[in-house]
Amino acid sequence: GLEVARDVLSRSRDDEARFHAVALFRDGALRRWAELAPGDRTGCADLALAFCAALPPDAPPFLAASAARCFAALWARGFADAAS
C-alpha cells in the first residue's frame, strides 16, 4: 500500500490517480502506524507535507484538500503520540 502510493505520488501527473494515492497513503500509514519506526512515522508526515508544498497553485481543489487532510491526519497522529 504505502510503496504503491509513494510510487504513484512521485511519478503520476494524473490528478485522479494522485487523489487516490494520497488516500491510500494516509490510510496505509495510519493502519501500519504502530509497526512503523519513529523515523518512518516522521517520514510519512514529511512526504505528505512535501507533496502538499509541491502542488501548483492551480492544482484541482479536490487534490489539494486531500493532500492537506493527509498531512493533517499524520501530523495529528504524531502529535498525539508525542503528547502521551
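Our subject is the structure listed above.
Calculation criteria
- Residues numbered from 1 in each chain as written.
- Predicted model: local features only at pLDDT ≥ 70, side-chain atom pairs only at ≥ 80, totals over all residues.
- Heavy atoms only, no water.
- Phe/Tyr/Trp six-rings, centres within 6.5 Å; stacked < 30°, edge-to-face > 60°.
- Helix = DSSP H or I, 4+ residues; strand = E, 2+ residues; numbered from the N terminus.
- Buried < 20%, exposed > 50% of the residue type's maximum accessible area, 1.4 Å probe, protein only.
- Expected span 1.5 Å × (residues − 1).
- Arc of directions from axis to C-beta.
- Contact = heavy atoms within 4.5 Å.
- 1 Å grid on protein atoms, 1.4 Å probe; cavity = no way out; pocket = protein on both sides within 12 Å on 5 of 7 lines; lining within 4 Å.
- Points joined across faces, edges and corners; volume = space filled by probe spheres on them.
- Nonpolar A, V, L, I, M, F, W, Y, C, P; charged D, E, K, R; others polar.
- Axes fitted to C-alpha atoms, helices over the stretch in contact; angles between N-to-C directions.
- Parallel < 35°, antiparallel > 145°, perpendicular 65-115°, else oblique.
- Left-handed = near helix turned anticlockwise from the far one by under 90°.

Caption draft 1: Structural context of the packing of aromatic side chains. Enumeration according to the criterion identifies two aromatic pairs in this entry. On the basis of an interplanar angle of 70° and a centroid distance of 5.6 Å, the ring pair of F19 and F62 is categorised as edge-to-face. Residue F19 is located in helix α2 (residues 15-31), and its partner F62 is located in helix α4 (residues 61-83); the two are separated by 43 residues in the primary sequence. With a relative accessible area of 37%, F62 lands in the partly exposed category. A centroid spacing of 5.3 Å and a plane angle of 15° characterise the contact between W75 and F79, whose relative ring orientation is stacked. Placement of the pair is W75 and F79 together in helix α4, with a separation of four residues, close to one helical turn.

Caption draft 2: Layout of α4. Here α4 contains 23 residues, and its C-alpha end-to-end distance of 32 Å stays within 8% of the 33 Å for a straight helix at 1.5 Å per residue. When we look at burial in α4, the residues that qualify are L63, S66, A67, C70 and L74.

Caption draft 3: Geometry of helix α1 (residues 2-11). For α1, the complete set of buried residues consists of L2, A5 and L9. Within α1, the buried residues cover an arc of 65° as seen down the axis, which keeps them to one side. Here the buried face of α1 lies against α2 and α3 (38-54).

Caption draft 4: How the structure looks around empty space enclosed by the protein. Across all of its chains, the model carries one cavity of 30 Å³ or more by this definition. Taken together, L9, V22, F25, A48, F51, A67 and C70 make up the lining of the largest cavity. Those elements that provide at least two residues to the lining of the largest cavity are α2, α3 and α4. Residues of the lining of the largest cavity, tallied by class, amount to seven nonpolar, no polar and no charged.

Caption draft 5: Layout of the packing of α3 against α4. Two elements in contact, α3 and α4, have axes separated by 9 Å at closest approach and are oriented at 155°. The angle between the axes of α3 and α4 places the two elements in the roughly antiparallel class. The way α3 lies across α4 gives a crossing that is left-handed. On the side of α3, the interface is formed by R41, C44, A45, A48, L49, F51 and C52, while α4 contributes L63, A67, A68, C70, F71, L74 and D81. Of the residues contributing to the contact of α3 with α4, the split by class is 12 nonpolar, no polar and two charged.

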